[in-house]
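Given next are the chains, with one letter for each unit.
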Number of protein chains: 2
Amino acid sequence: MIVLPLILRIKEMTEIRIRFLLLPLLFFYSSLPPLKLTTEAAELRSFKSNPRFLGKFAELNKPQKRDQAFRYETRYFTQSLDHFSFSDLPTFQQRYLISTDHWLGSDRMAPIFFYCGNEGDIEWFASNTGFVWEIAPRFGAMVVFPEHRYYGKSMPYGSREKAYKDPASLSYLTAEQALADFAVLLNHLKRNFSAQACPVVLFGGSYGGMLAAWMRLKYPHIAIGALASSAPILQFENIVPPDTFYNIVSNDFKRESIGCFNTIKESWNELTAEGQKDDGLLRLTSTFRLCRKLKRVEDLSNWLDSAYSYLAMVNYPYPSSFMMPLPGHPIKEVCRKIDSYPDGSSVLERIFAGVSIYYNYTGTVDCFNLEDDPHGMDGWNWQACTEMIMPMSSDQHTSMFPTYDYSYSSYQAECWEDFHVKPRPRWITTEFGGHDLRAVLKTFGSNIIFSNGLLDPWSGGSVLQNVSETIVALVTEEGAHHIDLRASTDEDPDWLVEQRASEIKLIEGWVNNYYQERTATFSI
Amino acid sequence: MIVLPLILRIKEMTEIRIRFLLLPLLFFYSSLPPLKLTTEAAELRSFKSNPRFLGKFAELNKPQKRDQAFRYETRYFTQSLDHFSFSDLPTFQQRYLISTDHWLGSDRMAPIFFYCGNEGDIEWFASNTGFVWEIAPRFGAMVVFPEHRYYGKSMPYGSREKAYKDPASLSYLTAEQALADFAVLLNHLKRNFSAQACPVVLFGGSYGGMLAAWMRLKYPHIAIGALASSAPILQFENIVPPDTFYNIVSNDFKRESIGCFNTIKESWNELTAEGQKDDGLLRLTSTFRLCRKLKRVEDLSNWLDSAYSYLAMVNYPYPSSFMMPLPGHPIKEVCRKIDSYPDGSSVLERIFAGVSIYYNYTGTVDCFNLEDDPHGMDGWNWQACTEMIMPMSSDQHTSMFPTYDYSYSSYQAECWEDFHVKPRPRWITTEFGGHDLRAVLKTFGSNIIFSNGLLDPWSGGSVLQNVSETIVALVTEEGAHHIDLRASTDEDPDWLVEQRASEIKLIEGWVNNYYQERTATFSI
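Per-chain numbering applies: the sequence of each chain, read as written, is numbered from 1 onward. In the order they appear in the text, chains get letters beginning with A and ligands get numbers beginning with 1. Totals for whole chains, interfaces and linings use every residue, but because this is a predicted model, local features are given only for residues with pLDDT of at least 70 and side-chain atom pairs only at 80 or more, for both listing and counting. To obtain the side-chain values, all non-hydrogen atoms of the structure were included, while hydrogens and water were left out.

Named according to an unreviewed UniProt entry, chain A is Lysosomal Pro-X carboxypeptidase originating from Tetracentron sinense.

## Some words on the overall build of chain A
Note the following rule: Secondary structure elements are defined from DSSP: runs of H or I of at least 4 residues count as helices, runs of E of at least 2 residues count as strands, and each element is numbered from the N terminus. Relative accessibility under 20% of the residue-type maximum defines a buried residue, over 50% an exposed one, and the middle range a partly exposed one, all with a 1.4 Å probe and only protein chains included. Two residues form a contact once any of their heavy atoms are found within 4.5 Å. For every accessible area listed, the method is Shrake-Rupley and the probe measures 1.4 Å; residues are considered covered only by the protein chains on display.
When its secondary structure is counted, chain A shows 21 helices and eight strands. Residues counted as buried form 63% of the 524 residues belonging to chain A. In chain A, once contacts between residues fewer than 6 apart in sequence are set aside, the share between residues at least 24 apart is 74%. For chain A, the exposed area adds up to about 19,600 Å²; of that, 50% sits on carbon and sulfur atoms.

## Section: the interface of chain A and chain B
What counts, and what does not: Here the quantity called buried area is the total loss of accessible area, with a 1.4 Å probe, experienced by two parts when brought into contact, counted for both. The rule for a salt bridge is simple: a side-chain nitrogen of Lys or Arg has to be within 4 Å of a carboxyl oxygen of Asp or Glu. Each polar contact in these results corresponds to two N or O atoms within 3.5 Å; when the atoms are within protein, one needs to be able to donate a hydrogen and the other to accept it, and residues that are neighboring in sequence are counted only if both atoms are side-chain atoms. Each residue is assigned to one of three groups, with Ala, Val, Leu, Ile, Met, Phe, Trp, Tyr, Cys and Pro labelled nonpolar, Asp, Glu, Lys and Arg labelled charged, and all others, Gly among them, labelled polar.
Taken together, the 47 residues of chain A in the interface contact 47 residues of chain B. When the two sides are added together, the surface that chain A and chain B hide from each other amounts to roughly 4,000 Å², 55% of it contributed by carbon and sulfur. Counting the surface chain A buries against chain B, the share from its top three residues, Phe84, Phe86 and Phe444 of chain A, is 21%. The interface formed by chain A and chain B contains two salt bridges. Note that Arg518 of chain A and Asp436 of chain B form a salt bridge whose closest N and O atoms lie 3.1 Å from each other. Applying the counting criterion to the chain A and chain B interface returns 29 residue pairs in polar contact (both at pLDDT 80 or more). Those elements that provide at least two residues to the side of chain A that touches chain B are helix H9 (175-192), helix H10 (207-218), helix H19 (427-432) and helix H20 (437-442) of chain A. It is H9 of chain A that contributes the most residues to the side of chain A that touches chain B, seven residues altogether. Classifying every residue of the side of chain A that touches chain B by side-chain character gives 17 nonpolar, 16 polar and 14 charged.

## Points about the packing of aromatic side chains
Residues and elements named next belong to chain A. Defined as follows: Stacked, tilted and edge-to-face are the three classes assigned to paired rings of Phe, Tyr and Trp, where Trp is represented by its six-membered ring and a pair needs centres within 6.5 Å; plane angles under 30 degrees give stacked, over 60 edge-to-face, the rest tilted.
Inspection of every chain in the model, using the stated rule, returns 68 aromatic pairs over all chains. Consider the rings of Trp124 and Phe125, whose centres lie 5.0 Å apart with planes at 80°: the pair is edge-to-face. Looking at Trp124, the relative accessible area reads 2%, which means it is buried. Looking at Phe125, the relative accessible area reads 4%, which means it is buried.

## Describing the state of the cysteines
Applicable threshold: Our working definition of a disulfide is a cysteine sulfur pair at a distance within 2.5 Å.
Tallied over the full model, the rule gives six disulfides over all chains. Here Cys291 of chain A connects covalently by a disulfide to Cys367 of chain A, the sulfurs 2.0 Å from one another. The sign of the S-S torsion, about 100°, decides the handedness of the disulfide formed by Cys291 of chain A and Cys367 of chain A: right-handed. Here Cys291 of chain A is found in the loop between helix H13 (280-287) and helix H14 (297-313), whereas its partner Cys367 of chain A is found in the loop between helix H16 (347-359) and helix H17 (379-384), with 76 residues between them in sequence. Overall, Cys367 of chain A belongs to the partly exposed group, its relative accessible area being 35%. Looking at Cys198 of chain B, it has no disulfide partner, and the nearest cysteine sulfur is the one in Cys116 of chain B, 18 Å off. Judged by its relative accessible area of 1%, Cys198 of chain B falls in the buried class.

## Focus on the pattern of salt bridges
All names here are of chain B. Evaluated as defined, the whole model comprises 35 salt bridges over all chains. With a closest N to O distance of 2.7 Å, Arg149 and Asp181 form a salt bridge. Here Arg149 is found in the loop between strand E4 (142-146) and helix H7 (160-163), whereas its partner Asp181 is found in helix H9 (residues 175-192), with 32 residues between them in sequence. The exposure class assigned to Arg149 is buried, which follows from its relative accessible area of 0%. Between Lys218 and Glu431 there is a salt bridge whose closest N-O contact spans 3.5 Å.

## Digging into a nonpolar patch on the surface
Residues and elements named next belong to chain A. Our working rule: Patches draw on residues past 30% relative accessible area with no salt bridge. Two like charges within 9 Å are joined, as are two nonpolar side chains (Val, Leu, Ile, Met, Phe, Trp, Tyr) within 5 Å.
Together, Leu454, Leu464 and Val475 give the surface a local cluster of nonpolar side chains, amounting to about 190 Å² of exposed area. Mapping Val475 onto the fold places it in strand E8 (residues 471-476). On the basis of relative accessible area, Val475 is assigned to the partly exposed category, the value being 35%.

## What about unusual backbone geometry?
With a phi angle near 30°, His482 of chain A is a residue other than glycine that sits in the positive phi range. Checked against the element boundaries, His482 of chain A lands in the loop between E8 and helix H21 (494-517). Overall, the relative accessible area of 6% leaves His482 of chain A in the buried class. Backbone geometry places Arg289 of chain B, a non-glycine residue, at a positive phi of 50°. Inspection of the secondary structure puts Arg289 of chain B in the loop between helix H13 (280-287) and helix H14 (297-313).

## Some details on helix H11 (residues 244-254) of chain A
All names here are of chain A. Among the 11 residues that make up H11, nine are buried, leaving the element largely enclosed by the rest of the structure. Regarding H11, the residues found buried are Thr244, Phe245, Tyr246, Asn247, Ile248, Val249, Ser250, Asp252 and Phe253. Against the buried residues of H11 lie helix H12 (258-276), H14 and helix H15 (330-340).

## What about the relation of the copies chain A and chain B?
For the record, the criterion: The atoms used to superpose the copies are C-alpha atoms, taken from residues with pLDDT of at least 70 in both, and the fit is least squares.
If you rotate chain A by 180° and push it 0.0 Å along the axis, it lands on chain B with an RMSD of 0.1 Å. In symmetry terms, the pair is related by a two-fold rotation axis. Looking at the interface residues of chain A, 100% of them are also at the interface in chain B, so both copies use one shared face.

## Describing the domain arrangement of chain A
Residue and element names in this part refer to chain A. What counts is decided by this rule: Either an automatic procedure or a domain database provided the assignment from which the domain bounds are taken.
The assigned domain composition of chain A is domain 1 (73-238 + 427-522) and domain 2 (243-419). Between the C-alpha centres of domain 1 and domain 2 there is a distance of 30 Å. Across the contact, 42 residues belong to domain 1 and 30 residues belong to domain 2. Taking both partners together, domain 1 and domain 2 bury about 3,000 Å²; carbon and sulfur atoms supply 66% of that area. For Arg255, the salt bridge is made with Glu478, and the minimal N-O distance between the two is 3.1 Å. For the pair domain 1 and domain 2, the interface holds 12 residue pairs in polar contact (both at pLDDT 80 or more).

Structure (structure tokens):
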């Protein structure tokens, strides 16, 4: 008797194409005996918006140049739009940032540090990757930050508007093309600086970390090693369980306070109930201080989901403004707010107080906009609809989020609606592997560091165990999303200082081995 | 006084676009003091037609099915035309030959032997790669011979005519796309046979050997090792000297007889002189029993050059009909003819008698056609004008061929004329490496056999020294072009029997290590 109305509601509501649409509804029934949805019903569901990496903030938070500890030149390099065919396509200008301030030169075979640019403006990544800048002088290294095609100022067809016009213009936005850009650019730089013998060390965080690891595997002749920080190269197909990501986010809250976890878990139900009442949307608009009247509860759920997921990524032990200004241990702060709210206040009031830590830590925001359109003509949305198919579920028992079962067919349908493109869900593992990774790489490849902090929800799809003597995992209990790549601070905990020291030691080992093999006398 | 007319001639004659055009002319002056051509003059030269692999014979010599020691099914698989973009392109049907006759099945994790199809009809390669068929039962292996896109029956756009219509239709004929085809097909087969855990061993000869080696390096998660026979992966840029190929061909003749070498070396001069006389072309037509009147001496030079180069490739110790019916040790036979011709006979008569061993061993040819158009709309010509840029020169002192200096600018100009495409001469080494190969792969990668015979002119661009414990070179003094991949015969010399035994032992090692690492109990 309960199942029927639910399915009817689902059928009705799939007309409205909102990815989060059904989550509150499904949660509504979650206190009832476990409801096993049929495949049919599961397929009718709209798909859950994938959590994103942090690249989107690159456009929002342009770096402020003052006080920055690094200097670079901005240059452009002419790239082929398609490296893997000989179609008659226009070239495009790839931006890269370069500093030779500390480079000891080609005569001494001094290293080149090359950061694999992510899904966003490269200046933002450069300003948030202090580690590379800080260690460059010690290695006498050149520093290069190339921008990923289709992001920032590296736009094919001359402008963002033209590059993002349609699926045809977007079709060359792929990881393989980006890696080939890096390879071609590096060869150009090596020739240009007579630096053919200079060892290249790759760096990258998040998607950039995936690129760094893949680049070392695919282009070992171009780079001698890679530090891949928070790189979820196993977040594809069924390599890791699809509920991994949201379980880690949930655990990050639960470890701070079981009450906080429970309040959030309850809140989805409350939200839905409120939204169904007369004037409910208006009251939610008021409770959450929204700038415009809420049209759908799901927009609000989406906004909250984003906050929790991002908080888990940047749950750093010191104040940061990577995405927005945040206190140290921000999840602890959020939970403190939620838990300490006066007795008698509603769940939703608590939730609002909590997420205000994320959305309004400075207290300067008058009202909130729930933009973050998961269907926007955004580069990462395109990548998520073509190659980067990362199945995500939310488990009824272990997650604080609404229950959600991953449905590829819904995902595919949404991608078709958004971009008129058909995803290739098996392509990443075909091209880069992932299944059985430790066995495959045990006797193949070398010089990769997979660094991860276990608070980071992306750590679940990363490599957390040593693969071989030279493909190693550095795991910290308390780390969040690629914290090791950030600039050092006076507040760095010991484990972070030690993690970075290990990384430096490993990289020194790669470079020294390289020199020894080439019987060079230069030593660092 | 001599230089001027030469340059004038060159300028005048570059109007006629024949790649071999100037070689006899240049040779005409080679008995004078060494003539150092200016860069200008060098650039005016038409470029030397690159020697080819044997794939072209795949179309000419369709295999005869009778007596064949192997059986297979022919199947087709739907492939993306462009694996590296999301352009809206038609798929195409890739042909592959498959035999599960000896396969011990997925339960026993029995191996899959996968031959990386070359530039030609796959049936021809299957019938000329007896080694794989012969050892499959011993390994309990499935055998798969996939066809390379744009060859045989694996035509994009539905037909050869449409696939070869223009540069746009040809633009997806690249090695990277072919490797991705193999990767996608292998994953499909593994799923289809529930064979995800079955180890794949790659095989390939010549260009197919290059593909096998590159595939192991790029897709280690898909195949556990590769036997790359006669795979000149170093024949790019300046990795090996450009005169390597023609020096090896020349030495193959010189080691049989210095007189033979000298006669051939003299003959180019004679040809040119004869061609310049009144009725000279007519007399050459008669001497060489051509079906049609010779129009240009260069067509004849080209025809002879081809014969010598191919003879060096298939200089096998027993009779073969890989390309055409030939005796064992065919270069010895050619030289015997050339050397033993009655005193008083002309150089050109001797040459004709010699090459008749190659072109007319069965004695059934009445007259000869000099087709072999180096500008033809042929797949390999396209590949040679896009990615496969292998610089070739002919040295005045060490080669028996007319002196020729490689000129990239001429090469590029010819490619533009032929295909309206701009070559990417640095792309192969960017994508696959090659420079400093031993140092790069010493600590990266595993399980590749580079097998070569030193009589093979392509061995000069191959890997002839061990790289590491598991990337090894098997070199035979007396071997020619991928002889190890051919079916065994009663006439196999000991060194060939031993070479194949070494290969089997190494492959067994890969497979057994694979099983041990997965703690499987299945043993061969």
